[in-house]
Amino acid sequence: MAEPYMNDLPGQQWHTDEEFMRQAVNEAIAALDTEDVPVGAVVVYQGRIIGRGRNQREQLKDPTAHAEMVALTAAASELGSWRLNGCTIYVTLEPCTMCAGALVLARIDRLVYGADDPKAGACGSVYNIVEEGRLNHVVQVQRGVMAADAADLLRTFFAQQRAKGKK
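Residues numbered from 1 in each chain as written. Predicted model: local features only at pLDDT ≥ 70, side-chain atom pairs only at ≥ 80, totals over all residues. Heavy atoms only, no water.

## Considering the overall build of the protein chain
Broken down by element type, the protein chain carries five helices and five strands. Walking the protein chain from its N terminus toward its C terminus, one meets helices and strands in the order α-β-β-α-α-β-α-β-β-α. A compact globule built from 167 residues should have a C-alpha radius of gyration of about 15 Å, and the protein chain, at 15 Å, falls within 12% of that. Along the first, second and third principal axes, the C-alpha set of the protein chain runs to 45 × 40 × 30 Å. The proportion of buried residues among the 167 residues of the protein chain is 46%. Within the protein chain, contacts between residues at least 6 apart in sequence are counted, and of these 56% link residues at least 24 apart. Of the roughly 8,300 Å² of accessible surface on the protein chain, a fraction of 49% belongs to carbon and sulfur atoms. Here the protein chain contributes 17 positively and 21 negatively charged side chains, and the mean placements of these two sets differ by 4 Å. (Helix = DSSP H or I, 4+ residues; strand = E, 2+ residues; numbered from the N terminus. Rg over C-alpha atoms; globule rule 2.2 N^0.38 Å. Buried < 20%, exposed > 50% of the residue type's maximum accessible area, 1.4 Å probe, protein only. Contact = heavy atoms within 4.5 Å. Areas by Shrake-Rupley, 256 points an atom, 1.4 Å probe, with all protein chains shown as cover. Lys, Arg positive; Asp, Glu negative; His and termini not counted. Charge placed at Lys NZ, Arg CZ, Asp CG, Glu CD.)

## Re the pattern of salt bridges
All told, the structure shown has nine salt bridges when counted by the stated rule. Put simply, Arg110 and Asp17 hold a salt bridge, and the shortest N to O gap is 2.7 Å. Here Arg110, found in strand E4 (residues 110–115), pairs with Asp17, found in helix H1 (residues 17–31); they are 93 residues apart in sequence, far enough to count as distant. Two residues, Arg155 and Asp152, come together in a salt bridge whose shortest N-O distance is 2.6 Å. Of the two residues, Arg155 and Asp152 are both situated in helix H5 (residues 147–163); the distance of three residues between them amounts to about one turn of the helix. Because the salt bridges share partners, they merge into one network encompassing Glu27, Arg52 and Arg54. (Salt bridge = Lys/Arg side-chain N within 4 Å of Asp/Glu carboxyl O.)

## Structural notes on unusual backbone geometry
A positive phi angle, close to 65°, is found at Arg107, a residue other than glycine. The phi torsion at Met146 lies on the positive side, around 60°, for a residue other than glycine.

## Overview of the side chain of Thr92
Within the secondary structure layout, Thr92 lies in strand E3 (residues 87–93). According to the relative accessible area criterion, Thr92 is buried, its value standing at 2%. Beyond its immediate sequence surroundings of up to four residues, Thr92 is in contact with Met21, Ala24, Val25, Ala28, Pro38, Val39, Gly40, Gly114, Ala115 and Ala150.

Shown next as structure tokens:
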């Protein structure tokens, strides 16, 4: 496993999009140990990470175990509510349709993501669910934060999978 960007100290608070995205990248790196596609996510409320997630589809044999879904569930549990008003989610890869829909339904205020997903992205690349004005909630989006780091992780993972004769 690659080295994380920064240690996660109990009670640690970060303040910039890049600092929070580094934490999402750390989650993506951890997914590498489980043969899952390296995507990571963190949910932030009032400057504090309240939910973390990484892809766990292979590990859990669950098609819904995307990084965003795991992080949203953890955040909802932490807040004691499915409504995540006032929260920002940081994700290393542009969310898919399932995850984008979940962000809208959870009332996430803001999405910050790294790499675009030109094949399955639902936040501007293929679809744009999170900014669809006909839905009952619109999510503010910041694209491209640490995109090169996220894309490098994905390229490395898929090259390794191809070398093993997988994916």
